[in-house]
Each structure stands twice: as C-alpha cells, then as structure tokens.
Amino acid sequence: MPAIWGDITAEEIGSRISGQWITGKLQTLPGGVSTDSRKIGAGEVFWALTGERYDGHDFVEHAVNRGAAGVVVEAGRRYTIPNGRNPFVISVMDSLKALGDFAAWWRRQHRVTVIAITGSVGKTTTKEMAACILELGGATLKNPGNYNNLIGLPLTLLSLEPGHQRVVLEMGMNRPGEIARLAEIADPDVGVITNVGMAHVKGLGNLKSVAKAKVELVEKLSQSAHAVLNGDDRLLLRTASVFRKEMISFGLGKGNDVRGRRVRNKGREGIGYDLEYRGVSWPVNVRVPGVQQVYNSLAAATACLCLKESFEHIVQGLSHFAGIKGRFLLIPLAEGVTLVDDTYNANPQSLNAALRSLKAFINERSRIIVALGDMLELGDAAVPAHKNAGRRIAQLGTKYFVAIGEYAPVMTKAAEQAGMPKMKAEVARTHAEMVKKIKGNMRPGDLIFLKGSRRMALEKVVEELKGCKP
C-alpha cells in the first residue's frame, strides 16, 4: 500500500526519521510537507531547515498561524508556538537529513521507476525531454523549476501519489558528496550523466574533481540499475569506469550504444538526426534550435530506452518538446527582431555550444547583438574563460557586444583584441544600462543573444526588451 497524505499519521512520520516526540496528537493526519512558511497550506507539516542566510525555526510561529498541523525542528533550536495552537512537534538532530530520510522512505512506498539526471550542461533540458517521452506511457512526476538540490529533490519525491508510474529527477550540486546523497534518497533505476564541464570548478578545484563528483551517481546506483553516460566525454568515461555497473553510452561517435547520425541543423526550425540503437534507425526531429539539443535528446532517449520505452514514444515525445524559458528560447520581437533567451545559467561549455548554434541563424540580413553576464564559480579558470568568451563573440561576427559583471571588462577587451571596434564592445554597470545600450544599437531583423550565470539575473533584461521596437 503506497504512502498517501491524509492517511499517514504524525506518529509514523516521527518513527521514519528517528524523531523525538515533543508534543501534540500522535494520530494527526497531515496533508503534506512544506519548508516555506509563506506558502504552507493548512494541515501540512512545516519542516524547519537551517541555511546559511536563514533559520527556519524563526518562522515556526508564522507557519503554525497559517495552519500547519505540525512542525519538525532541530534539537536545541529555539522556536515559538503561538498561544492557543496545538501542533505536533517532532525534534531531530539534523532536519535536512531527516527530510531526505523521510523522502527516501516515501519513494520506497511507491512502485515507480526513477530516472536521475546530472551533468555540467543540459540536465534540465534532458529532464524535460525525458518527461515528454515518459508521459506518453503513464503518469510521470518531475521536479519543478530548480528543485534539484537536497531540499527540492526530497520535496518532489514527497509529492509522489499512487497514480504516478515514473519519476524524472534532475540532480544539481556545488560540492562533493551532494550527488551521492541525492542518489541515496532517490534510489534511481537509471542514472544519467550528460557531460563534465567547467561548472562549479571553484568549489571543486578542477575538472577531474567535477567528474568525480558527478560519477557519485554511478557509484550509488544499485547493481540492477543502468548508468547512462555521454560516450563522447572521455573524462567522464574514464572516471566512471572504476565502478562495475551496467553502462550504456550515447553520443555521435562510432563506439556509442545509442548514436545520433546524419545531424541536420535546421537553424531556427530546430534539429534533426537519425537515432540508431541495436541496428535500428529512427528519424528524430526536435523543434527547439541549438546543436546542443542533439546530446540532450540522445541522453533522454537513452534513459527511456533503459526503461523499455518504445521508439514511437521516444520520437513523438521529443517532437513535443517546446523548450524551456531561459534556455536558448527564441522570442520574436517587433520588426523581425529575434531575442534568444539563454539567461538561466552559463559556463564555458554551455556558452560555446550556444555560440555554435547561433552560427546557423546568421544570414545576409541578420546582425547579431550579444549581451553577456559573468560565468560564476570558475575559480582560477575565470579570467581565461572570460577572455575566450570575448574572443569567440568577436569571431562570431557580432555587430554589438555588451557585458555586465566583474569580468565584463575582461570580455570586452578580449573582443576588441580579436577585432571588434572599441565602441561596439561596451560594459554596462546595471541591467537598465544594458537594456538602454541594446535598444540603442538594435535594428530591424537583428538577432539578440543573452546569457549569464543565474545570479546575474539577465532575465530582467529579457523582460524589458519584450515589446520594444528597434
């Protein structure tokens, strides 16, 4: 019998997380879990977490006043229960670990197959593509937005209901051990690693350390699970090879189990290629542009093949994928201007892939305007990476380039040294100034490309540009 909110008691919750009962009714039947006192619904459990910039125990009173049926707190922490309220209170040593432990138990109560996806680039798009495929065969749960960490992933699993048949989970990380813990919680049947790149180098030291952190997913897979790896990524394959797990590779190279051949870049219309597996070939068409979509869709297809999904569903599901806000999404503006919104995140690998894709959009009538924000968490590689970005932008034939952030002068200077006129490679100090500079250089038919790391918040620039005229 799967676990269902409204049936499980507060006493059962406490027993699953080795909690100490403090007060309240043991037989309370909560309706769910929340870690946000601003959004908690009546009857839910407020799970008080402690972060670098906040302490959830400070918001227990607010959560209870909003109708929380109970709270999970850490031993020794101060919190306030408002007068006249009687929620149950369970105390644990580590509330984040307890959340993961409870989510792991909840996952095991449901007969679902789980795909877990990590990698330096493409994991969110791969997750969405896989979900498009799997939803054709049954109810599929996926983590929403950026619910890919030690808080978001458990909360996603705790929304599992009896009707779900499959789960697709994205796994993010900033430091060693996080992917291993997420894998322990999710217990995936298929683990996918899209690639290894220069994301989070600052926190991990070097590219080899990034690879080791990613392959924690392979290490934690059960012996019956499948490891799906980018076979064209040699560092990834070497790092994962120490674990004796069943591995299936995808890519464009000859040695891959699942291979993309005869790639057809259709520019703004998307990407096409032939998907080959075990001597069978099927034509795949992805409506979303960008050469990076070949690898993303191959990763999604391979994961679904491991779950014995049909070729028909794979081809149909990939054709249904319509893109994701902030991830190389084309937005038509007035007078033939096209805005390419790639603002969700950035690292050198994803930027290079995006710039390669932009080349397919260039014609005799299109001018390209590029607006970049810093690529963060690169450590000692930051300066050379931003210099290379500036050079690549100049080599693209960019008509105007504006950058914002600490490394903006590094990028613009490199662009000038690579041939861009000084007045056509500028630094903006604010989002508003960036918008003004773009609008001042925009012409009918232009292609405007925006990209930067998450904390650069370039989506604000996108919103300001929508609806404006050249």
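Structure first, text after, so check above.
Below or above, wherever it landed, is the structure these notes cover. Because the structure is predicted, anything quoted here is derived from the model rather than measured.

Rules used throughout
In this numbering scheme, every chain counts its residues from 1 along its sequence in written order. Where totals are concerned, whole chains, interfaces and linings use all residues; where local detail is concerned, this predicted model gives features only for residues with pLDDT of at least 70, and gives and counts side-chain atom pairs only at 80 or more. The basis for every side-chain value is the complete set of non-hydrogen atoms in the structure, without hydrogens or water. Here, strands pair whenever DSSP counts at least two bridges between them. The helix and strand labels rest on DSSP assignments: H or I over at least four residues marks a helix, E over at least two residues marks a strand, and numbering proceeds from the N terminus. The angle between two axes is taken between their N-to-C directions and runs from 0 to 180 degrees, where each axis is a line fitted to C-alpha atoms and a helix contributes only its stretch in contact. By definition, residues are in contact when any of their heavy atoms lie within 4.5 Å. Only buried residues count toward a nonpolar core, which is a set of Ala, Val, Leu, Ile, Met, Phe, Trp, Tyr and Cys residues joined through side-chain atoms within 4.5 Å. When accessible area is computed with a 1.4 Å probe and restricted to protein chains, residues below 20% of their type maximum are described as buried, those above 50% as exposed, and intermediate ones as partly exposed. With its strands directed away from the observer, a crossover is right-handed exactly when the path from the first strand over the helix to the second travels clockwise. One less than the number of residues in a helix, times 1.5 Å, gives the span that helix is expected to have. Pairing of aromatic side chains here covers Phe, Tyr and the six-membered ring of Trp, requires ring centres within 6.5 Å, and sorts the geometry by plane angle: under 30 degrees stacked, over 60 edge-to-face, intermediate tilted. Directions from the helix axis toward the C-beta atoms define the arc. Points on a 1 Å grid, built from protein atoms alone, make a cavity when a 1.4 Å probe fits but cannot get out and make a pocket when they are open with protein on both sides within 12 Å along at least 5 of 7 lines; residues with an atom within 4 Å of a point are the lining residues. Grid points are joined across faces, edges and corners, and a volume is the space filled by probe spheres set on the points. Any carboxyl oxygen of Asp or Glu that lies within 4 Å of a side-chain nitrogen of Lys or Arg is treated as forming a salt bridge with it.

1. Quick word on the sheet that holds strand β18 (residues 400-404)
Thinking step 1. Strand order in this open sheet of 6 strands is β15-β16-β20-β17-β18-β19, and the pairing throughout is mixed. Edge strands, defined here as strands with exactly one partner in the open sheet, are β15 (329-332) and β19 (425-428). For this sheet the average axis-to-axis angle between neighbouring strands, irrespective of direction, equals 20°.
Thinking step 2. As judged from the 4 bridges shared by β18 and β19, these two strands associate in the parallel manner. The partner of V402 across the bridge, within β19, is E426.
Thinking step 3. Sheet contacts for helix α16 (residues 431-441): β17 (368-373), β18, β19 and β20 (447-451); angle to β18, the most-contacted strand, approximately 180°.

2. Concerning the sheet that holds strand β8 (residues 166-170)
Thinking step 1. The strand order β7-β8-β6-β9-β10-β11-β12-β13-β14 describes an open sheet built from 9 strands, whose pairing is mixed. One side of each edge strand has no neighbouring strand; the edge strands of this open sheet are β7 (140-142) and β14 (280-286). Taken over all neighbouring pairs, the strand axes of this sheet differ in orientation by 20° on average, direction set aside.
Thinking step 2. The sheet contact formed by strand β6 (residues 113-118) and β8 spans 5 bridges and is parallel. Within β8, the residue paired with I115 across the bridge is V168.
Thinking step 3. Packing against the sheet, helix α12 (residues 311-320) makes contact with β13 (271-277) and β14, and its axis sits at approximately 15° to β14.

3. Overview of the nonpolar core
Thinking step 1. I13, I17, W47, F102, W106, L157 and M171 are the most contacted members of the largest nonpolar core, which totals 55 residues.
Thinking step 2. The leading source of residues in this core is helix α3 (residues 95-108), at 7 residues.
Thinking step 3. Contact partners of W47, with chain neighbours within four places excluded, come to I13, I17, V33, S34, T35, V72, S95, A98, L99 and F102.
Thinking step 4. I271, L298, A299 and L318 belong to the second-largest nonpolar core, a separate cluster that totals 37 residues.

4. Side note on the pairing of strand β4 (residues 70-74)
Thinking step 1. Where burial is concerned, most of β4 is hidden: 5 out of the 5 residues are buried.
Thinking step 2. Where burial is concerned, the two faces of β4 agree: the one with G70, V72 and E74 and the one with V71 and V73 are both buried.
Thinking step 3. Handedness of the crossover joining strand β3 (residues 45-47) and β4 through helix α2 (residues 60-65) is recorded here as right-handed.
Thinking step 4. Strand direction decides the pairing type here: β4 and strand β5 (residues 88-92), joined by 5 bridges, are parallel. Following the sheet pairing, V71 is matched in β5 by V89.

5. Describing helix α4 (residues 123-134)
Thinking step 1. With 12 residues, α4 ought to run about 16 Å at 1.5 Å a step, and its terminal C-alpha atoms sit 16 Å apart, in line with that.
Thinking step 2. Extensive coverage of α4 is indicated by the burial of 12 of its 12 residues.
Thinking step 3. Tucked inside the fold, the buried residues of α4 contact β6, β7, β8, β14, α11 (292-306) and α12.

6. Some thoughts on the packing of aromatic side chains
Thinking step 1. In total, this model carries 9 aromatic pairs according to the counting rule given.
Thinking step 2. When the ring of W105 is compared with that of W106, the centres are 6.3 Å apart and the planes differ by 65°; the resulting orientation is edge-to-face.
Thinking step 3. By relative accessible area, W106 is classed as buried at 0%.
Thinking step 4. Ring geometry for F328 and F449: centres 6.3 Å apart, planes at 55°, overall tilted. A residue pair is termed long-range when its members are at least 10 positions apart, and F328 in the loop between α12 and β15 and F449 in strand β20 qualify at 121 residues. Summarising the burial analysis for this pair, F328 and F449 share the class buried.

7. Considering α12
Thinking step 1. Those residues of α12 lying buried are F311, I314, V315, G317 and L318. Buried residues of α12, seen end-on, are gathered within an arc of 165° and therefore sit on one face of the element.
Thinking step 2. Each element contacted by the buried residues of α12 is listed here: α4, β13, β14 and α11.

8. What to know about the layout of surface pockets
Thinking step 1. Space inside the second largest pocket adds up to approximately 370 Å³.
Thinking step 2. Mapped onto the lining of the second largest pocket, the elements with two or more residues apiece are α11 and α13 (348-359).

9. Structural notes on the pattern of salt bridges
Thinking step 1. Considering all chains together, one arrives at 24 salt bridges under this definition.
Thinking step 2. Here E178 ties to R175 by a salt bridge, and the two come within 3.1 Å at their closest N and O atoms.
Thinking step 3. Salt-bridge contacts for E184 lead to K220; the nearest nitrogen and oxygen are separated by 3.1 Å. In this pair, E184 is assigned in helix α6 (residues 178-186) and K220 in helix α9 (residues 216-220), connecting sequence segments 36 residues apart.
Thinking step 4. Accessibility expressed as a relative area gives 41% for E184, which makes it partly exposed.
Thinking step 5. Each of K97, D101, R181, E184 and K220 takes part in salt bridges that share partners, so that together they form one network.

None of this, on its own, says anything about what the molecule does.
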